[in-house]
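# Examining the three-dimensional arrangement
Letter by letter, the chains look like this.
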Amino acid sequence: MELNGNNFFSKKEVTEETFRGKLSKVTITGDAEADEAGLIGEHEHMELVQIAHYTQATHGMTDGYYFVLRDIPVEEQEKRQLRADVDYAIMLGGASF
């Protein structure tokens, strides 16, 4: 895989399943000087934003899969955890909202 700005590129097929359960800790390596988006390094809690398959015949681009990952901000992680806790409490028979 290669990093181009905040897009990654893979000649091998990439799907949502490729990333399922694998984005809680991500290490991105590469040329730090060419790292326009500041992604080189260790990341906690990333998410897949987009996957696009391009072909040279239809888009004039190198055939392959382009995808974008982003860090999930701490505030968003906290909101997601709160929602999960509430859903769990409801499932156990607690109050409904």
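Residues numbered from 1 in each chain as written. Predicted model: local features only at pLDDT ≥ 70, side-chain atom pairs only at ≥ 80, totals over all residues. Heavy atoms only, no water.

Here the focus is the overall build of the chain. A count of helices and strands for the chain gives three helices and six strands. When the elements of the chain are put in sequence order from the N terminus, they spell out β-β-α-β-β-β-α-β-α. For the chain, the spread of C-alpha atoms along the principal axes amounts to about 55 × 30 × 15 Å. Burial status across the chain gives 23% buried among its 97 residues. Considering only contacts within the chain whose residues lie at least 6 apart along the sequence, 48% involve residues at least 24 apart. (Helix = DSSP H or I, 4+ residues; strand = E, 2+ residues; numbered from the N terminus. Buried < 20%, exposed > 50% of the residue type's maximum accessible area, 1.4 Å probe, protein only. Contact = heavy atoms within 4.5 Å.)

So, on to the side chain of His 43. Mapped onto the elements, His 43 comes out in strand β4 (residues 41-44). Its relative accessible area of 8% is what places His 43 among the buried residues. A polar atom in the side chain of His 43 sits 2.5 Å from the backbone oxygen of Leu 39. A polar side-chain atom of His 43 sits 2.8 Å from a polar atom in the side chain of Asp 71. Not counting residues within four places of it along the chain, the set of residues in contact with His 43 comprises Ser 24, Lys 25, Val 26, Ile 28, Gly 38 and Asp 71. (Polar contact = N/O pair within 3.5 Å; in protein donor to acceptor, adjacent residues only side chain to side chain.)

Looking now at the environment of Ala 57. Mapping Ala 57 onto the fold places it in helix α2 (residues 56-59). Residues Ala 57 and Thr 15, 42 residues apart in the sequence, show an inter-C-alpha distance of 21 Å.

Our next topic: the environment of Arg 70. In this fold, Arg 70 is placed in strand β6 (residues 64-71). Between the C-alpha atom of Arg 70 and that of Met 91, which follows or precedes it by 21 residues, the distance is 31 Å. Beyond its immediate sequence surroundings of up to four residues, Arg 70 is in contact with His 45, Met 46, Glu 47, Val 49, Glu 76 and Arg 80. Within polar-contact distance, the side chain of Arg 70 engages the side chain of Glu 76 at 2.9 Å.

What follows deals with the confidence of the model for the chain. Per-residue pLDDT for the chain has a mean of 86; in total, 91% of the residues score no lower than 70. Here α2 is the element of the chain with the lowest mean pLDDT, 72, and helix α1 (residues 16-19) is the one with the highest, 95. (pLDDT = per-residue confidence, 0-100.)

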